Amino acid sequence: MLTVDFDRLGVGPGTRVIDVGCGLGRHSFEAYRRGADVVAFDQNADDLAQVKIMFGAMAEAGEAPGHATAEAVQGDALALPYRDGEFDVVIASEILEHIPSDERAIAELVRITAPGGALVVTVPRWLPERICWLLSDEYHANEGGHVRIYQADALRTKIAGRGMRFVRSAHAHALHSPYWWLKCLVGVSNENHPVVSGYHRMLVWDMMKRPWLTRFAESALDPLIGKSVALYFTKPAVRRAAF
């Protein structure tokens with residue numbers, strides 16, 4: 001389940017991509033599949049171990065071009081161990097809402113984006129997230145949980161204020177919003193509740209089969225209750241003086 005639209009980012013052979021806060025690697029795998037040189041970056045060693053195994057399995061199965069490279073790196077998003085402008089595409093999907101010092105994280109994301117490169121940030125959307133917070137403290141008030149609810153315009157201003165040019169925004173995963181509302185109602189950890197488990201089976205079926213009815217429904221509902229908002233930026237290329 002991808003939140004980022006890779007077609008709009010132009011990811012392909014030779015593109016240098018970093019997926020900051022990669023989790024279990026969904027966006028890293030897609031970039032690798034498209035032939036990019038990928039860094040899956042996260043602070044969670046257990047998640048990264050699984051990502052590394054999957055990279056190896058993809059290479060063995062021929063699911064990524066032989067020229068592409070992929071590595072899993074553990075570290076801190078507030079101090080990324082890379083040079084200024086090192087990556088053509090920087091992805092930060094669903095991580096800023098977890099970071100108290102989000103201004104520092106944004107500064108690092110911008111710093112490692114190459115001039116002319118792209119940065120895409122996704123976070124939970126304000127309305128679906130606000131409903132979750134109202135329904136359940138357990139949803140957000142835990143170690144490593146969500147520390148803030150973003151308004152897209154405010155986050156856009158924060159990132160643009162670092163010299164990035166805003167390109168577009170998009171909403172995604174509308175069918176997932178009711179799932180989380182149900183979980184918040186019955187208890188976030190109550191995975192076996194029949195309504196929650198039934199809805200989850202529907203989501204898995206939708207992801208595997210992608211039938212036209214649910215694809216149409218999600219497309220129509222995304223502008224209203226999309227669970228995530230994605231903000232796309234470019235870093236202006238440096239113009240050299242003519243002599």
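The name an unreviewed UniProt entry gives the protein chain is Methyltransferase domain-containing protein, with Nocardia albiluteola as the organism.

A. The arrangement of the UniProt feature "domain: Methyltransferase type" (unreviewed entry) in the protein chain in detail. Residues annotated by UniProt as "domain: Methyltransferase type" (unreviewed entry) correspond here to residues 18–121. For residues 18–121, the helix share is 35%, the strand share is 29%, and the end-to-end C-alpha distance is 12 Å.

B. A look at a nonpolar patch on the surface. Judged by side-chain polarity, Met 1, Val 204, Met 207 and Met 208 come together as a nonpolar surface patch covering roughly 390 Å² of accessible area. With respect to the secondary-structure elements, Met 207 resides in helix α8 (residues 194–209). A relative accessible area of 38% means that Met 207 is categorised as partly exposed.

C. Molecular detail of the pattern of salt bridges. The final tally for this structure, using the stated rule, is 15 salt bridges. Between Glu 103 and Arg 162 there is a salt bridge, with the nearest N and O atoms lying 3.6 Å from each other. Linking Glu 103 in helix α4 (residues 102–112) with Arg 162 in the loop between α6 (152–160) and β6 (165–172), this pair joins segments that are 59 residues apart in sequence. In this structure, Glu 129 and Lys 227 form a salt bridge, with 3.4 Å as the shortest nitrogen-oxygen distance. Residue Glu 129 is found in helix α5 (residues 126–135), and its partner Lys 227 is found in the loop between α9 (212–225) and β7 (228–234); the two are separated by 98 residues along the sequence. With a relative accessible area of 9%, Lys 227 lands in the buried category. Within this structure, Asp 7, Glu 30, Arg 33 and Arg 34 form a network of salt bridges that share partners.

How each quantity is defined
- Residues numbered from 1 in each chain as written.
- Predicted model: local features only at pLDDT ≥ 70, side-chain atom pairs only at ≥ 80, totals over all residues.
- Heavy atoms only, no water.
- UniProt positions renumbered as here; feature names shortened; annotations may be inferred.
- Helix = DSSP H or I, 4+ residues; strand = E, 2+ residues; numbered from the N terminus.
- Patch = residues over 30% accessible without salt bridge, like charges linked within 9 Å, V, L, I, M, F, W, Y side chains within 5 Å.
- Areas by Shrake-Rupley, 256 points an atom, 1.4 Å probe, with all protein chains shown as cover.
- Salt bridge = Lys/Arg side-chain N within 4 Å of Asp/Glu carboxyl O.
- Buried < 20%, exposed > 50% of the residue type's maximum accessible area, 1.4 Å probe, protein only.

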